[in-house]
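Listed here are the chains, written in short residue letters.
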Amino acid sequence: MDQRRGMQQKTLIAILLSLVIASSGSYVALADNERGDERRSNIRSWTQRDNDNKNEQRRSLQSYIEDKREDACKAREERINNFIDEKSAVAQKYFDKYSSVQSGIENFVIEKNLTVPDNDALTADMRARQLAVSERLATLRSTKFSCENTRSNTATSNIREALNNTKAKLLAYRDSIKSYGKQVKTTALAAKQEAENDR
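Residues numbered from 1 in each chain as written. Predicted model: local features only at pLDDT ≥ 70, side-chain atom pairs only at ≥ 80, totals over all residues. Heavy atoms only, no water.

Let's talk about the nonpolar core
Move 1: Counting residues in each nonpolar core, the largest one holds 17 residues, and the members touching the most others are Y180 and V184.
Move 2: Contributing elements (two or more residues each) for this core: α1 (2-112), α2 (119-142) and α3 (152-198).
Move 3: At 6 residues, the largest contribution of residues to this core is made by α3.
Move 4: The contact partners of Y180, leaving out residues within four places of it in the chain, are I105, E106, V109, N119, L122, T123 and M126.
Move 5: Within the second largest apolar cluster, 8 residues are counted, among which are L140, I159, A162 and L163. (Core = buried A, V, L, I, M, F, W, Y, C linked by side-chain atoms within 4.5 Å. Buried < 20%, exposed > 50% of the residue type's maximum accessible area, 1.4 Å probe, protein only. Helix = DSSP H or I, 4+ residues; strand = E, 2+ residues; numbered from the N terminus. Contact = heavy atoms within 4.5 Å.)

Structure, rendered in C-alpha cells:
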C-alpha cells in the first residue's frame, strides 16, 4: 500500500506539476503577448521619431541650400555690379580723354584760324556722337544686377548688351574725332605749305 500510495503521490505530483507548467505557459504566453505589444509600440514610436528626425533634417537641409543659394547669388550680384562699375569707370575715362582731344582740336582750329572743309558737318557729327556716348554712360551706370530678378540670364544679357553698346558708341565717337582730326591736319599742312610758298 505504501508503494501504491507513493505511486499515487508521484502521479498526483506529476499532474500538479503538469498543471502548473501548463498554467505558467499560458502566463508566459500572456506575458510574451504583452511584451510583444510593448515592443511593437516602441518600434512604432522609434519609427515615428526617425521619420520626424528625417523630415526635420530635410527641412533644415532645404533651408541650408536656400541660404547657400542666396549667399551665392548675393556674391554674384556684388561681383557683377562691381564689374559694371569698373567698366563704366573705364568708359568714362576714355570718354573724358576723347572729349579733351576734341576740345584740343577745336581750339587748334580756332587758334590757327583754319577753314576746315565740312567743318560744321564734322563738328555736328562729333557732338552728336559725344551726346550718344554720354547717354550710354548714364544708362550703363544705372544698370544693376539684382538677385530679386528671377530671370538672371536675361538680366546678364541686358548688362552685356549695355556694355557692348557703350563700347560701340565710344568707338564711333573716337572714329568721328579721328576723321575730324585728319581733316584739320590736312588743312593745317596745306595752310603751312601755302605760307611757306608765299615767303
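So, next bit.
Structural notes on the layout of surface pockets
Move 1: Within this model, the largest pocket holds a volume of roughly 280 Å³.
Move 2: Lining the largest pocket are K87, V90, A91, Y94, Y98, L140, L163, N164, T166, K167, L170 and L171.
Move 3: Listing elements by their share of the lining of the largest pocket, those giving two or more residues are α1 and α3.
Move 4: Considering each element in turn, the lining of the largest pocket owes the most residues, 6 residues, to α3.
Move 5: The class makeup of the residues in the lining of the largest pocket is 8 nonpolar, 2 polar and 2 charged. (1 Å grid on protein atoms, 1.4 Å probe; cavity = no way out; pocket = protein on both sides within 12 Å on 5 of 7 lines; lining within 4 Å. Points joined across faces, edges and corners; volume = space filled by probe spheres on them. Nonpolar A, V, L, I, M, F, W, Y, C, P; charged D, E, K, R; others polar.)

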